[in-house]
Amino acid sequence: MTAAPSRIAIEPDVLIVGAGPAGLAAARALVDAGVPVLVCDDNDQGGGQYFRQLPASFSVCATSRLYRDQPRALQALSVLKHPLVTYWKSTTLWSAGADGEFAYSREGMTGRLKPRQVILATGAHDKASPFPGWTLPGVISAGGCLNLIKGQGIVPGRRVALAGNGPLLLVAAYSLLRAGVKIVAIAEAARTIPMLRHAPGLLASPALLLLGMKYRMAILAAGVKLLTGHAVTQATGDRHVEQIVFAPVGADGMPREAGARTFEVDSLVTGYGLSPSTEFARMMGLDMHFDRVLGGWVPQRSQELETSRAGVFGAGDGCGIGGVELATLEGTRAGLSVARRLGFRIDTQAREADAALARMNKFRRALAAAYLLPTEVQLATADTLVCRCENVTLARVQAAAREFNGDFTRVKSATRIAMGSCQGRNCLGTCAGIVSRECAISLESLVPPRMRPPARPIPLSSLLAETLGPAHEPGIDDGVRREESTLST
Ligand SMILES: Cc1cc2nc3c(=O)[nH]c(=O)nc-3n(C[C@H](O)[C@H](O)[C@H](O)COP(=O)(O)OP(=O)(O)OC[C@H]3O[C@@H](n4cnc5c(N)ncnc54)[C@H](O)[C@@H]3O)c2cc1C
């Protein structure tokens, strides 16, 4: 399906997609310069992942542990009430055309936006790392666990283990401890985390370094077993996770049976990193590149954070995983770039933002390098589901990868990976790794399949008013794309 081009589009000067830290900072920079903006976000409250709010009907006392970042969140969110801001909450942008037109779904209706300038601040999602038992109830991603705690004030279990790689695992563990959860053990896949070796880069942000140390000390002080060089290899239970197995991981990324240990749990949190949400970058055909440090495929951007399409800017985790501080700085920088494009003088602020960004990028690279694995952990067995929307196993993707000689688009068409309700948000990164290994093609040279609308799930009622367009633009594609496009409609 394509978005019908015939409707009359609203034409805002500036559209910001996403009201997370990056989108909010971009809006602030723009309104401070006097530029009106339209901010759209699919949640019913702004804040994105980091500033996720409890439902408005909940009341929380000021000393609550959940309240920790609330003053900062409220300050960031206050921009949504600024007279120059039009804020459309619960609005999902679901398609973006090469002509720069966006389709949205809002209050059961669809419409079109044709902004003069756009800032994509779409954030990230959890990277899945399938292993036997990962679809059992009680197994939850690190981001999902943080959402539960922040967005609902509930924890996934009482006896919890965590497995994964990278700093978000520490954040999740710390948040669980503060919520009174018993942490049984943590399996960090990196064998060592050489902070000292990367100290020069890490010292670019002493505050974040101290925060990380605080999390680590709290975890150690609570007597939590921290197993480095380990990963989760199995979760079992009768209708719900009850036992998990942690095993050492070799330098080849494969788990070893010798030294495996079983733990009794009622929940397992897994966090093998985040993937940037690049649905629109892929839909609009922006130039992209693969960068492991940034979390996968990301749009190319200039120093001004403009993508390969003039007037389309990108900020925050959606353009490379970097956390809340970097997302905020990038949002500010993208807002300033757009203001300059519209004729406002912002040279001093832009220079300051660039200097701060350079420092934070140095920190990001050093932190990523400290946690970098020699090769990604490989925990799935032949019959493990790697695409849970469409029930596709590892063996099926491997066979398709061999059959189509590493052509990722054909693998997608043949197996239906990335065509379910998540549209590849969960499985695309995993399947890219499988195709890359199976056909000995580097991830850098693998071409990701083009994204098809809807970018995010929307109510069927929103689509009833849509015209069914041609399956793809004639002449740019082969029959495979036609089949894929028809199926994903
Ligand atoms: C699930 C999850 C939980 C996290 N929790 C934490 C945490 O507790 N602590 C921490 O330090 N870091 C956390 N992070 C890391 C987090 O990504 C960054 O710290 C920070 O929130 C990034 O800011 P951002 O503005 O780039 O993106 P986000 O905060 O992700 O904001 C992007 C916003 O854009 C919206 N959006 C995306 N696509 C569309 C669309 N098509 N239509 C409409 N709206 C759209 C999203 O719903 C979201 O509200 C989490 C990440 C994830 C994925």
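The rules we used
- Residues numbered from 1 in each chain as written.
- Predicted model: local features only at pLDDT ≥ 70, side-chain atom pairs only at ≥ 80, totals over all residues.
- Heavy atoms only, no water.
- Near = heavy atom within 4 Å.
- Polar contact = N/O pair within 3.5 Å; in protein donor to acceptor, adjacent residues only side chain to side chain.
- Areas by Shrake-Rupley, 256 points an atom, 1.4 Å probe, with all protein chains shown as cover.
- Helix = DSSP H or I, 4+ residues; strand = E, 2+ residues; numbered from the N terminus.
- Nonpolar A, V, L, I, M, F, W, Y, C, P; charged D, E, K, R; others polar.
- Domains from an automatic or database assignment.
- Salt bridge = Lys/Arg side-chain N within 4 Å of Asp/Glu carboxyl O.
- Buried < 20%, exposed > 50% of the residue type's maximum accessible area, 1.4 Å probe, protein only.
- Arc of directions from axis to C-beta.
- Phe/Tyr/Trp six-rings, centres within 6.5 Å; stacked < 30°, edge-to-face > 60°.
- Lys NZ or Arg CZ within 6 Å of the ring centre and 35° of its normal.
- Expected span 1.5 Å × (residues − 1).
- Contact = heavy atoms within 4.5 Å.
- Pairing = 2+ DSSP bridges.

### Topic: the site of the ligand
Point 1. As a matter of local geometry, the ligand sits amid 33 residues, with Asp41, Asp42, Gln49, Lys150 and Asp317 nearest to it.
Point 2. Between the ligand and the protein, one listed contact pairs an oxygen atom with a side-chain N or O atom of Asp41 at 2.7 Å.
Point 3. Asn43 has a polar side-chain atom sitting 3.0 Å from an oxygen atom of the ligand.
Point 4. In isolation the ligand exposes 970 Å². Once the protein is present, 95% of that is buried.
Point 5. Only helix 1 (21–32), strand 4 (91–96), strand 8 (124–126), helix 3 (142–152), helix 4 (167–178) and helix 8 (323–341) provide two or more residues apiece to the shell around the ligand.
Point 6. Counting residues per element, the shell around the ligand draws most heavily on helix 3, which supplies 4 residues.
Point 7. Of the residues assigned to the shell around the ligand, the class counts are 13 nonpolar, 14 polar and 6 charged.
Point 8. When residues are assigned to domains, the shell around the ligand turns out to be shared by domain 1 (14–125 + 275–344) and domain 2 (128–272), each giving three or more.

### Regarding the pattern of salt bridges
Point 1. Taken as a whole and assessed by the stated rule, the structure comprises 20 salt bridges.
Point 2. Residue Glu306 is joined to Arg341 by a salt bridge in which the shortest nitrogen-to-oxygen separation is 2.7 Å. With Glu306 in the loop between strand 19 (296–299) and strand 20 (312–314) and Arg341 in helix 8, the pair connects residues that are 35 residues apart, well separated along the chain.
Point 3. Here Glu306 falls in the buried class, since its relative accessible area comes to 12%.
Point 4. Among the residues examined, Arg341 registers a relative accessible area of 36% and is labelled partly exposed.
Point 5. When salt bridges that share partners are traced, they join Glu304, Glu306, Arg340, Arg341, Arg345 and Asp347 into one network.

### As for helix 10 (residues 394–403)
Point 1. Within helix 10, burial applies to Leu394, Val397, Ala400 and Ala401. All buried residues of helix 10 lie within an arc of 135° about the axis, which places them on one face of the element. Along helix 10, the residues that are exposed and aim more than 90 degrees away from the buried face are Arg402 and Glu403.
Point 2. Following helix 10 by one or two positions, Asn405 has its phi on the positive side, about 50°.

### Some details on the packing of aromatic side chains
Point 1. Here the structure, examined in full by the defined rule, presents 7 aromatic pairs.
Point 2. Seen from their ring centres, Phe102 and Phe280 are 5.5 Å apart, and the 75° between their planes marks the pair as edge-to-face. Separated by 178 residues along the polypeptide, Phe102 in strand 5 (residues 102–106) and Phe280 in helix 7 (residues 279–283) bring together distant segments of the chain.
Point 3. Note on Phe102: relative accessible area 0%, which makes it buried.
Point 4. Residue Phe280 is classed as buried on the basis of its relative accessible area of 6%.
Point 5. Here the aromatic residues Phe290, Trp297 and Phe408 are joined through ring pairs into a cluster of three or more.
Point 6. Above the ring of Tyr50, the side-chain terminus of Lys150 is found at 4.3 Å from the ring centroid.

### Remarks on helix 6 (residues 206–221)
Point 1. Compared with the 22 Å implied by 1.5 Å per residue over 16 residues, the 22 Å span of helix 6 between its first and last C-alpha is a close match.
Point 2. Looking at the packing, one finds that the buried side of helix 6 touches helix 4, strand 11 (182–188), helix 5 (199–202) and helix 9 (347–371).
Point 3. Count one or two residues on from helix 6 and you reach Gly223, which has phi positive near 75°.

### Focus: the environment of Gly164
Point 1. By secondary structure assignment, the location of Gly164 is in strand 10 (residues 159–164).
Point 2. Residue Gly164 is classed as buried on the basis of its relative accessible area of 0%.
Point 3. Each C-alpha atom, one on Gly164 and one on Lys412, is 27 Å from the other, the two residues being 248 residues apart in sequence.
Point 4. In this structure, Gly164 is in contact with Leu169, Ala187, Glu188, Ala189, Gly271 and Tyr272, ignoring residues within four places of it in sequence.

### What about the pairing of strand 4?
Regular strands have side chains that alternate between both faces of the sheet.
Point 1. By the criterion of burial, strand 4 is predominantly enclosed, with 6 of the 6 residues buried.
Point 2. Judged from the 5 bridges that link them, strand 4 and strand 5 form a sheet pairing that is antiparallel. Bridge assignment links Thr91 to a residue of strand 5, and that residue is Arg106.
Point 3. Turn length for the strand 4-strand 5 hairpin, with the two strands adjacent in sequence and antiparallel, is 5 residues, and the turn residue Gly100 shows positive phi of about 85°.

### Description of the environment of Ser205
Point 1. Along the chain, Ser205 falls in the loop between helix 5 and helix 6.
Point 2. Judged by its relative accessible area of 7%, Ser205 is buried.
Point 3. The spacing of Ser205 and Asn361 is 156 residues in sequence and 9.7 Å in space, taken between C-alpha atoms.

On their own, these measurements won't tell you what the molecule is for.
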